[in-house]
Every structure is written in structure tokens, then in C-alpha cells.
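Results of the structural survey
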Amino acid sequence: MEKEKLIRDLISGGYLKTPAIIEAFQKIDRQDFVPPELKLQAYSNEPLPIGHLQTISQPLTVAFMLELLEPKSGEKILDIGAGSGWQSALLAEIVGETGKIFAIERILKLKSMAENNLKRYGFIEKGIVKILWDDGSKGYAKEAPYDKIIAAASAETIPESWKNQLKVGGRLVAPVKNSIVVLDKISETQFEEKEYFGFSFVPLVVD
Ligand code: SAH
């Protein structure tokens, strides 16, 4: 499948809607984030193995989650589970030079892979993306609070640290078991929650 066909399918299926997100899907090439032997499959709408028992997320799921996240130019976003770096690159393209993406990955080799994949876009050199080798289940307190938080690995429940590290008025989009949960932080202690059922994710490893 070709890139344009995948994007058309995601638009006609109602998954991709926002011009800035569609543009990011066009500019950031998923081929640059899959292993060499899987380049021909880069535009099929499925997760693909990236080694270490992990996958680059399915385009449909990434489109759906980014539309829920509503990332905007200039925002500071925490991205948990950097994996191949594809979603971090999409986010970087959307937040632009005035924004900042902190992406956490617990597997060192994947952290390096993400950095390598991101190199051709210059996002790290420009200071838009920082990939951290750490346990993201605790969030990343050092740079908190965040406008938005997104996770690519499925938790049993949303960690309290993520809720604490979100700005009031901010939004968190994360997989919980086989659902995608959206939390809006409406005050220091109050959250509004929505749940979308029927997805699958690699597990969030809590050490
Ligand atoms: N957005 C990535 C998705 C990768 S899959 C992409 O499109 O390529 C999810 C990733 O979460 C895996 O790389 C896995 O190693 C990572 N992960 C799982 N538990 C984690 C944790 N506690 N902290 C940081 N990363 C974690």
C-alpha cells in the first residue's frame, strides 16, 4: 500500500480529521521508522515488529489517539513508549519549533533506534524532541507540568504520576488494558474521563 492511499483510507474511515495531523502524516514517512526488511509494508494499516518484542503502532490507532490528544503548535508533550520514534516525530511536526516533545523509552536499543530514525528530520538537533532512557510509568517529573501526555503501551490503571504531571486544562490520552482513555484535568484534583473500547497494545512495563 502507498502512503497516500493509507492517508486517504484513514480520512474516509473518520480516523484522520485535523489538517495539522494529516499534514504530519504526509511529511513524516513511516518507512523511515520500520526495520529495512519491512519497508514495503510501512504503509499497511498494521503494527509491525521493531525488535525486542515491541511494535511500531498501527497507523489507525496513532491517528485516532492523536486526534483525541489535539496537539497544538507550541505545546510541551510527554510521549511514553518512544519505540521507533514515529509518533514522537508526528508530534514534533505538529508542535513545531516552539514546542517540545519528551519521549521516554525503557529499552536502550529502542531509544537509540528512535534517535537514529529521528535524525533525518533534525528534530533532536533543533531541540524539539528529547528521547529519554527511563521508566515512563513514573512520568518525567523534571520537565512537568505538560500540556498533554500520551502513552503507547497499555497500563492496568493510569499512574498517579501522569495525572500529577499534567497541567490543569491539559489532556492525557493513554491505553488502559484494551481501551483508550482520555482524561481532561479540570482542576488540581478533578478529571473528566472518556473511554474508547476495542484496541490492542503492548503492555506498559512497571518495574
Ligand atoms: N509510539 C511507538 C510505539 C512503540 S510500542 C511507535 O510508534 O513506534 C510501545 C513502547 O513502549 C515500546 O517500545 C516499549 O518498550 C515501551 N514501554 C513499555 N513500558 C514502558 C515504560 N514503563 N517506560 C518507557 N517505555 C515503555
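First, a word on scope: everything that follows refers to the structure included in this document. This structure is a prediction, so every number in the text was calculated from the model and none was measured.

Let us now look at the overall build of the chain. The helix and strand inventory of the chain stands at six helices and eleven strands. What you see for the chain is a C-alpha radius of gyration of 16 Å, in line with the 17 Å of a compact globule of 207 residues. Taken along its principal axes, the extent of the C-alpha atoms in the chain is 45 × 35 × 35 Å. With 207 residues in all, the chain has 54% of them scored as buried. In the chain, 55% of the contacts between residues at least 6 apart in sequence involve partners at least 24 apart. Within the structure as shown, the chain displays about 9700 Å² of accessible surface, and the carbon and sulfur contribution to it stands at 53%. Across the chain, the mean location of the 26 positive side-chain charges is 2 Å away from that of the 29 negative side-chain charges.

The next subject is the pairing of strand E1 (residues 48-51). One ladder, built from three bridges, connects E1 with strand E2 (residues 54-56); its direction is antiparallel. Counterpart to Gly51 in the pairing with E2 is Gln54. Hairpin geometry of E1 and E2 is characterised by an intervening segment of two residues between the two adjacent antiparallel strands and by a positive phi of about 55° at His52.

Glancing now at the site of the ligand. Within the structure, the ligand sits among 24 residues, and Ser84, Glu105, Asp135, Gly136 and Val205 are positioned closest to it. Between the ligand and Ser57 there is a distance of 3.4 Å, counted from an oxygen atom to a backbone nitrogen or oxygen. Contacts to the ligand include Glu105, whose side-chain N or O atom sits 2.7 Å from an oxygen atom. Out of a free accessible area of 580 Å², the ligand has 99% covered by protein chains. Top contributing element to the shell around the ligand by residue count: E2, with three residues.

A few words now on helix H4 (residues 86-95). Counting buried positions along H4 yields nine of ten residues, so the element is predominantly enclosed. With its phi angle positive at about 70°, Gly96 sits one or two positions after the end of H4.

The biggest cluster of nonpolar side chains holds 51 residues, and the ones touching the most others in it are Phe25 and Phe123. By residue number, the principal contributor to this core is helix H3 (residues 59-69), which donates eight residues. With sequence-adjacent residues up to four places away left out, Phe25 is seen in contact with Lys3, Ile7, Leu10, Leu16, Pro59, Val62, Ala63, Leu66, Trp86 and Leu90. Leu78, Ile158, Leu172 and Leu204 belong to the second largest nonpolar core, which has 20 residues in total.

By the definition in use, this model includes 14 salt bridges. Salt-bridge contacts for Lys111 lead to Glu115; the nearest nitrogen and oxygen are separated by 3.2 Å. Remark: Glu115 and Lys111 occur in helix H5 (residues 108-119); sequence separation between them is four residues, near one turn of the helix. Of the residues examined, Lys111 reaches a relative accessible area of 17% and is grouped as buried. Close ionic contact of Lys167 with Asp147 constitutes a salt bridge, the shortest N to O distance being 2.9 Å.

For the coordinates displayed, the defined rule picks out nine aromatic pairs. Between Phe33 and Tyr121, the aromatic rings sit 5.9 Å apart at their centres with planes inclined by 15°, giving stacked as the arrangement. Here Phe33, found in the loop between helix H2 (19-27) and E1, pairs with Tyr121, found in the loop between H5 and strand E5 (129-133); they are 88 residues apart in sequence, far enough to count as distant. The exposure class assigned to Phe33 is buried, which follows from its relative accessible area of 0%. Under the relative-accessibility criterion, Tyr121 is labelled buried at 18%. Residues Phe64 and Phe199 carry aromatic rings whose centres are separated by 5.2 Å and whose planes lie at 25° to one another, so their mutual orientation is stacked. One end of the pair, Phe64, is in helix H3; the other, Phe199, is in the loop between strand E10 (191-197) and strand E11 (202-203), and 135 residues separate them in sequence. The same class applies to Phe64 as to Phe199, namely buried.

Reading the values: the criteria
Residues numbered from 1 in each chain as written. Predicted model: local features only at pLDDT ≥ 70, side-chain atom pairs only at ≥ 80, totals over all residues. Heavy atoms only, no water. Helix = DSSP H or I, 4+ residues; strand = E, 2+ residues; numbered from the N terminus. Rg over C-alpha atoms; globule rule 2.2 N^0.38 Å. Buried < 20%, exposed > 50% of the residue type's maximum accessible area, 1.4 Å probe, protein only. Contact = heavy atoms within 4.5 Å. Areas by Shrake-Rupley, 256 points an atom, 1.4 Å probe, with all protein chains shown as cover. Lys, Arg positive; Asp, Glu negative; His and termini not counted. Charge placed at Lys NZ, Arg CZ, Asp CG, Glu CD. Pairing = 2+ DSSP bridges. Near = heavy atom within 4 Å. Polar contact = N/O pair within 3.5 Å; in protein donor to acceptor, adjacent residues only side chain to side chain. Core = buried A, V, L, I, M, F, W, Y, C linked by side-chain atoms within 4.5 Å. Salt bridge = Lys/Arg side-chain N within 4 Å of Asp/Glu carboxyl O. Phe/Tyr/Trp six-rings, centres within 6.5 Å; stacked < 30°, edge-to-face > 60°.

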